[in-house]
Amino acid sequence: MYFSHNLKRLRKQKSLTQEQLSQKLNVSSKVISSWENSRTEPDMLSLQKISAFFETTIDDLIHHNGVSEDHSTVPMGNRHRLFSKLFIIMQLILVLLMYGDTFQVVNFPGAFVLVIVSILVYGIFFRKTKNAK
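The written sequence of each chain sets the order in which its residues are numbered from 1. Whole-chain, interface and lining totals are the exception, using all residues; otherwise, since this is a predicted model, local features are given only for residues with pLDDT of at least 70 and side-chain atom pairs are given and counted only at 80 or more. The basis for the side-chain values is all heavy atoms of the structure; hydrogens and waters are excluded.

A. Structural detail: the packing of aromatic side chains. Pairing of aromatic rings covers Phe, Tyr and Trp, the last through its six-membered ring, and needs centres within 6.5 Å; plane angles under 30 degrees mean stacked, over 60 mean edge-to-face, and all others mean tilted. One pass over the structure, following the stated rule, counts two aromatic pairs. For the ring pair Phe3 and Trp35, a centre distance of 6.4 Å and an interplane angle of 75° mean the geometry is edge-to-face. With a gap of 32 residues between them, Phe3 in helix H1 (residues 2–13) and Trp35 in helix H3 (residues 29–36) connect regions that are remote in the sequence. No difference in accessibility class separates Phe3 from Trp35, as the two residues are buried. When the centroid spacing of 4.9 Å and the interplanar angle of 80° are considered together, the rings of Phe53 and Phe54 count as edge-to-face. For every residue, the accessible area (1.4 Å probe, protein chains only) is compared with the maximum for its type, and the residue is labelled buried under 20%, exposed over 50%, or partly exposed between those bounds. Its relative accessible area of 23% is what places Phe53 among the partly exposed residues. With a relative accessible area of 8%, Phe54 lands in the buried category. Geometry around Phe53 places Lys14 over its ring, the cationic atom sitting 5.3 Å from the centre. Helix numbers and strand numbers start at the N terminus; a helix is a DSSP run of H or I with at least 4 residues, a strand a run of E with at least 2. In this scheme, the term charge over a ring applies when either NZ of a lysine or CZ of an arginine sits within 6 Å of the ring centre and within 35 degrees of the ring normal.

Now the structure itself:
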């Protein structure tokens, strides 16, 4: 999955079309399209050609953080799932703080405000990731 994002990003960094890259790697442009859309994956020989052409390692091609430090190589779906899990955990902690008599948690009247703020932050993040797709 990360390979397809990395390949597309590297190709665009070099201002190449799929057709131009396919000529450099001696494959068809349909093959490049299939790789970039995660329909198929390259064999080892093709990975070696790609890594040599882009002057990177195979490991960097297939891992999400090897090619670039920016977050654009991580698919939005993964970031959204991670943020959703963190959001749920945060909400559970805040509910325990608000209604924690059973657990003898200190009464925290500001927890309600934090719940509302966290919902707003989640909504903003979700809208941002949805618009980025």
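B. Main features of the side chain of Ser33. Its location among the elements puts Ser33 in helix H3. Since its relative accessible area comes to 17%, Ser33 is described here as buried. We call two residues in contact whenever any of their non-hydrogen atoms come within 4.5 Å of each other. Those residues in contact with Ser33, other than ones at most four positions away along the chain, are Gln18 and Arg39.

C. Fine view of a nonpolar patch on the surface. Taken together, the side chains of Ile116, Ile119 and Leu120 present a nonpolar region at the surface, about 270 Å² in accessible area. Looking at the secondary structure, you find Leu120 in helix H7 (residues 111–132). Residues with no salt bridge and a relative accessible area higher than 30% make up the patches, which join like charges within 9 Å and nonpolar side chains (Val, Leu, Ile, Met, Phe, Trp, Tyr) within 5 Å. Methods summary: accessible areas were calculated by the Shrake-Rupley approach with a probe of 1.4 Å, and residue burial reflects only the protein chains presented. Should a side-chain nitrogen of Lys or Arg be within 4 Å of a carboxyl oxygen of Asp or Glu, the pair is scored as a salt bridge.

Spatial relationships are all this shows, so hold off on functional conclusions.
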